Amino acid sequence: MKAAVYYENGGPEVLKYEDVSDPQCHPKGVIIAVEAIAIEGGDVLSRFGGQLVTKPHVVGYQAAGTIIEVGPEVEHLKVGQKVATLMNYGSHAALRAVAARNCWVIPDGYDVKMAAAIPVTFGTADDCLFEFGRMKKGDTVLIQAGASGVGVAAIQLAKRAGAGLILATASSDERLEKLKRLGLDHGINYTKHDVAKEVRRLTDNKGADVVVDSVGGSTLQGSINSLAYRGRVSLVGNAGREPMVVDVGSLMGGNRSVSGVFLGAEIGTDRVHDNVQRLINDAAKGELEVVIDRVFPLSEAAAAHAYIESRAAVGRVVMVP
């Protein structure tokens, strides 16, 4: 099969389009013919510095397509079904072996490219807001990196849940403007403004009840400084690739908290599995929108990764074999 692979960590240029061996079906798994690959922030970080589990390594969390083989111990899936899948690696390829537990059935007629982008982004955003952020109706929510996949999902989910005020950051006014139709109330261009000061100004000095932070690094302190009394930060990534040095004492005066969030730690639970299926079903019904910025052929994986790292995208970047 064809795949985008690399032999060493590094920038997008390490990705090569080559023939590799077809994957084998596990007794408790399935093989899918991949139709769409949603590139995650974690894919980019893994390529840059993650472990090479195989060599050459096929990176990638999310892919969707049609089941072409089912393991003998799998009873709830069948050949011909379309599914979205999630695993630690292996999405950047024409075929994918995946555990049946990490498959979600795509409702008839729903766009496979859209479905491919849901499990990590919407599942993570939902956990950040509700499971760990404990968001309730009327809360003020700040979403760092609002134009990211998780950011786009979090804006919609917060709006649907009745957030009182939704704020988000991005690197340009143009990107922020595109988020308003999804439910954003006020955008903060972090290249022009101090985020915490802007949050205070926009909330009459109250601050945000919930912050979704997928950037980490130096941004995390700004998230903490943006919190209201008893506010909660859901820290879900390190896209900034910087050390996370924060003043822990800045949490105490306002009884604030920071929770680390990693969807993969609970992906095997019924709670998360059922929640992701619910989100896919809601999107298929038109209740949530998956925003796809650009679609690349898998043969241009290096260009797709470079485009993500340019921070020009709004929503997800997808590849098709």
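See the structure above.
Quick summary incoming for the structure in this document.

## What to know about the nonpolar core
The biggest cluster of nonpolar side chains holds 53 residues, and the ones touching the most others in it are Ile118, Phe122, Leu129, Val141, Ile143, Ile155 and Leu179. Look past the residues within four positions of Leu179 in its chain and what remains in contact with it is Gly146, Ala147, Val152, Ile155, Leu184 and Val314. Residues Val59, Ala63, Val83 and Met319 belong to the second largest nonpolar core, which totals 27 residues.

## Points about the side chain of Asn102
Among the secondary structure elements, Asn102 is positioned in the loop between strand 6 (95-99) and strand 7 (103-105). Judged by its relative accessible area of 11%, Asn102 falls in the buried class. For Asn102, the side chain forms a polar contact with the main-chain oxygen of Leu86, separated by 3.0 Å. When neighbours within four sequence positions are excluded, Asn102 is seen to be in contact with Ala84, Thr85, Leu86, Met87 and Ile267.

## With respect to the packing of helix 3 (residues 119-131) against helix 8 (residues 270-284)
With their axes 10 Å apart at the nearest point, helix 3 and helix 8 run at an angle of 115 degrees to one another. By the angle between their directions, the pair helix 3 and helix 8 is classed as roughly perpendicular. Once helix 3 is placed against helix 8, the crossing between them reads as right-handed. Contact with helix 3, carried on its side by Pro119, Phe122, Gly123, Asp126, Asp127 and Glu131, involves Arg271, Val272, Asn275, Val276, Arg278 and Leu279 of helix 8 and no other residues of that element.

## Remarks on the environment of Ala147
Of note, Ala147 is situated in the loop between strand 8 (140-143) and helix 4 (149-160). The residues contacting Ala147, other than those within four sequence positions of it, are Val152, Thr169, Arg175, Leu179, Ala313, Val314 and Gly315.

## Overview of the side chain of Ser223
Looking at the element boundaries, Ser223 is found in helix 7 (residues 219-225). Here Ser223 falls in the buried class, since its relative accessible area comes to 0%. A polar contact is formed between the side chain of Ser223 and the side chain of Asp213, at a distance of 2.8 Å. Beyond its immediate stretch of four places on either side in the chain, Ser223 contacts Gln144, Val211, Asp213 and Val233.

## Concerning the sheet that holds strand 13 (residues 257-260)
Sheets are built from strands paired through backbone hydrogen bonds, the pairs being either parallel or antiparallel. Pairing within the open sheet is parallel, and its 6 strands lie in the order 10-9-8-11-12-13. The strands lining the two open edges of the sheet, one partner per strand, are strand 10 (186-189) and strand 13. On average, each strand axis in the sheet is tilted by 20 degrees relative to the strand beside it, whichever way the strands run. Judged from the 5 bridges that link them, strand 11 (residues 208-213) and strand 12 (residues 227-235) form a sheet pairing that is parallel.

So, how was this worked out
- Residues numbered from 1 in each chain as written.
- Predicted model: local features only at pLDDT ≥ 70, side-chain atom pairs only at ≥ 80, totals over all residues.
- Heavy atoms only, no water.
- Core = buried A, V, L, I, M, F, W, Y, C linked by side-chain atoms within 4.5 Å.
- Buried < 20%, exposed > 50% of the residue type's maximum accessible area, 1.4 Å probe, protein only.
- Contact = heavy atoms within 4.5 Å.
- Helix = DSSP H or I, 4+ residues; strand = E, 2+ residues; numbered from the N terminus.
- Polar contact = N/O pair within 3.5 Å; in protein donor to acceptor, adjacent residues only side chain to side chain.
- Axes fitted to C-alpha atoms, helices over the stretch in contact; angles between N-to-C directions.
- Parallel < 35°, antiparallel > 145°, perpendicular 65-115°, else oblique.
- Left-handed = near helix turned anticlockwise from the far one by under 90°.
- Pairing = 2+ DSSP bridges.

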